[in-house]
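Examining the three-dimensional arrangement
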Amino acid sequence: MRRCNGARRPGSLSSTIAQPAAVTAADATTAADVAATTIGPAAADVAGATDVAAAAVSAAAATPASAARAQCPYCGVGCGLELKPPAADADPAWTARGDRHHPSSHGQVCIKGATVGETLHHNRLTTPLWRERLDQPFAPIPWDRAFDLLVQRIRATLASQGPDGLAIYGSGQFLSEDYYVANKLLKGALGSNNFDANSRLCMSSAVAGYTRSLGSDGPPCCYDDLDLADLVLLIGTNTADCHPVLFQRLLKRKRKCKEALRLVVVDPRHTATAEAADLHLPIRPGTDLVLLCGVGHLLLELQALDQPFIAAHTEGYAALEALWRRWTPPRVSDLCGIAEADLRLLARWWAEAAGVLSLWSMGVNQSREGTATVAGIINLHLVSGQIGRPGAGPFSLTGQPNAMGGREVGGLAQLLPGYRSVANPQHRAEVERHWGFAPGSIAPEPGLAVWEQIEAMERGELGLWWVAATNPLVSMPSLDRVRAAAARCPLVVLSEAYAGTETAAVAHLLLPAAQWSEKSGVMTNSERRVTLCPAFREPPGEARPDWAIFAELGRRLGFVPQFSYGSAAEVYAEFTALTAGRLCDLSGLSHALLAEHGPQQWPFPAGTAPGGGQPRLYGPETPWPGAAPGQRFPTASGRARLLAEPPLGLAEPPCAVYPLVLTVGRYLGHWHTMTRTAHVARVVKQHPGPLLEVNPEDADRHGLVDGEEAEVSSRRGSLTARVQVSARIRPGTVFLPMHWGASQPEACEANRLMHEQACDHSKQPELKAAAVRVRPAAGGTAAASS
Ligand code: SF4
């Protein structure tokens, strides 16, 4: 493919990127961090330890308002923001703009990041609230009483049900410090691995896929690769709406020189992403892996494999070739519902490209074969040697701002900090030692993933379900089951920044959480870049950082030495020390270094110079720091695994009763369950309500009229939504956004219709597809056509 003048060549970019300007200590150091140096962590007794934490937290609250830099708290792109305090007391809104010094985003920002300062003060929880029963109103209680209740109920649950009766469901909105302390409390102190996070719904298939194929989690690529690839395959990602700054980076390059970059989009919808594509493949939902096998078949036919790479660095090739031989182009085009010529074009472009970059997100991950599909993407990169070099590789785009940080600290039920596994005895022993718990404290079995937590509540097996920084009563599949299960749990705790979320309806105890901007900590974005997010606003009322809540509870449960942190910086230092020698080695990072030198990419072992983190993994020279000679991938053999897994298709395919496939997704301006973005007038104006996209053929067949209400039903329930007849969606498929929960005026609980069947490996539910029936809503003016 022709390169335009000025296009960067592989290997040339990292040296041309401007290093971030130093962030001043005044901008980035919080009073809580200062407290770490002035208030010692040791505490003689529980009450004293509580005072230490309270002093540190209130010190953070006393920080005077001044400009700050932080990572955007919305999506996994992790753009840098500059934040300016309100000009007048009457308007508490902060102003946000792109931070041109942030090396991941270079000053770019989307509408969500640009308006985040307008959202932070609305509708906040300011004091703990309690009710014994769900049919009672909440009443304010002091923090002391809230902790007493928690200690008493946790002890009672341990006595009656054991550690497995406790579960926490956390969030990719957590800072790494929140994640770390919550995991230490549940997995280390209380002996339950039932800590899961909403990342389970978002990218656990990417975690499982990377780990199975390459030997470890951690995307091998970086954003500079967007500027270097010849071919970018966007599969299962509406990047234009969900990762807009990365999409704009691709578009900018394409505008500069159309021939330098080919964009291929695989999506049943003709999204804004597809609009910009050189080739759009609107496959049937559930056929991604079929398509990937078809591309593999054609790479064989084109003799476009990198045989030396396969021989030197992979295992399992013979079985994969046998699988691919069976997926002939006519069979693939028939099942995917696309032209054979388009399939052949994609394979030819792949074979011709000097650098192929594959980007994916929830369209791939939220599937009962999500992990196999991730392996299907990685297989293609491995057999063509398109990995471990500039402009090439399989690159998962994380949904949430700190889902990557969650992976680092072990924030899923099967993980421990530093990309360790609870099932590995050596890993457990290392973590127990570091945490200061007795050998055997960490249970040897993976804990309950979030849907398993729901099932455990249905069976009456959970005594306490603690939800933090997430809103599962909108985001989970099969919402009626989730509601009913939570209502059976004797104690549901919700730590939340905002009042009135849908999940509060099933909670007994609400704990006011300080959110991003009100507490100090770090986040890691999709390209493994870590940014310090300082506290630059005061938390409202009695709100506290999540890590401080978990730490105080740990001390009150008797684990005083393990949870006597004086600051978030101290928590982070303990965590990063635990990553030394691991693939995600962060041991050279600290709050102080990040404050002084700006965001850094990992691996970043102790002694690494600022800016010296590693942008790519699995390259020929340094696959990762500390790799054994000749080892290219962190598997037992040093070789990547080619996995031959036949496609399964949808768990719930359409049928005579439910003849359409409902797929759900996001709008550009809104974030998840709208606790923040519902307060931004510009966003609400842009997206006033949810629309059911229906192809004109289906509208005719089912008697649906543009602008009128339709009833959408699945095996789990029904809802009504306004119809938007559009050729953007392929026939046989309808689309709804997932943002509008039960508490919104335009309520439309799309996930109520979705099912919970999940990938066997990742336990990520297939939130992207369910069989539905659509007909005009009762009382509507439309009549079914004959
Ligand atoms: Fe924030 Fe993502 Fe938008 Fe960047 S692209 S400003 S990280 S929401």
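What you see as residue numbers is a count from 1 along each chain, following the sequence as written. Restriction of local features to residues with pLDDT of at least 70 applies here, the model being predicted, together with a cutoff of 80 or more for giving and counting side-chain atom pairs; totals for whole chains, interfaces and linings are based on all residues. Excluding hydrogens and water, the side-chain values take into account all heavy atoms of the structure.

**Let's talk about the packing of aromatic side chains**
Stated precisely, the cut-off is as follows: Between 30 and 60 degrees the pair is tilted, below 30 it is stacked and above 60 it is edge-to-face, where a pair is any two Phe, Tyr or Trp rings, Trp via its six-membered ring, whose centres lie within 6.5 Å. To qualify as a helix, a DSSP run of H or I must reach at least 4 residues; to qualify as a strand, a run of E must reach at least 2; elements of each kind are numbered from the N terminus. Note on exposure labels: buried denotes an accessible area under 20% of the residue type's maximum, exposed denotes more than 50%, and partly exposed covers the range between, all computed with a 1.4 Å probe on protein chains only. Geometrically, a charge over a ring is one whose NZ (Lys) or CZ (Arg) sits within 6 Å of the ring centre while staying within 35 degrees of the ring normal.
Taken as a whole, this structure holds 20 aromatic pairs when the rule is applied. Between Trp-516 and Phe-536, the ring centres sit 5.6 Å apart and the planes meet at 85°, which makes this aromatic pair edge-to-face. On the criterion of sequence distance, the pair formed by Trp-516 in the loop between β18 (509–512) and β19 (521–524) and Phe-536 in the loop between β20 (529–533) and α23 (546–556) is long-range, its members being 20 residues apart. Take Trp-516 and Phe-536: they sit in the same class, and that class is buried. Ring geometry for Tyr-667 against Trp-740: centres 5.8 Å apart, planes inclined by 70°, an arrangement best described as edge-to-face. Pair noted here: Tyr-667 is in the loop between β23 (660–665) and α26 (681–686) and Trp-740 is in the loop between β27 (733–737) and β28 (770–776), with a separation of 73 residues, a long-range link. Taken individually, Tyr-667 and Trp-740 each receive the classification buried, so the pair is uniform in this respect. One aromatic cluster in this structure is built from Tyr-180, Trp-435, Phe-437, Phe-559, Tyr-572 and Phe-575. Over the ring of Tyr-498 we find Arg-124, and its NZ or CZ is 5.5 Å from the ring centre. Lying across the ring of Phe-138, Arg-131 places its NZ or CZ 4.0 Å from the centre.

**Topic: the site of the ligand**
We apply this condition: Consider each residue's heavy atoms; a residue with any of them within 4 Å of a molecule or strand counts as near. In the scheme used here, Gly and all other residues not listed as nonpolar or charged are polar, with Ala, Val, Leu, Ile, Met, Phe, Trp, Tyr, Cys and Pro taken as nonpolar and Asp, Glu, Lys and Arg as charged.
In the vicinity of the ligand, the residues found are Cys-72, Tyr-74, Cys-75, Gly-78, Cys-79, Val-109, Cys-110, Lys-112, Gly-113, Pro-244 and Val-245. Put simply, the parts of the chain that give the shell around the ligand at least two residues each are α4 (111–115) and α9 (244–256). Residues that form the shell around the ligand fall into these classes: 8 nonpolar, 2 polar and 1 charged.

**Considerations on the sheet that holds strand β10 (residues 279–281)**
Pairing between sheet strands relies on hydrogen bonds along the backbone, with the strands arranged either parallel or antiparallel. Applied cut-off: Should DSSP find at least two bridges between two strands, the strands are taken to pair. A fitted line through C-alpha atoms serves as each axis, taken over the contacting stretch for helices, and the angle formed by two N-to-C directions is quoted from 0 to 180°.
Taken in spatial order, the 5 strands line up as β10-β9-β8-β12-β13 in an open sheet, and their pairing is parallel. The open sheet has two edge strands, β10 and β13 (393–396), and neither has a second partner. Adjacent strand axes in the sheet meet at a mean angle of 15°, parallel and antiparallel pairs treated alike. Looking at chain direction, strand β12 (residues 356–360) and β13 are connected through 4 bridges and run parallel.

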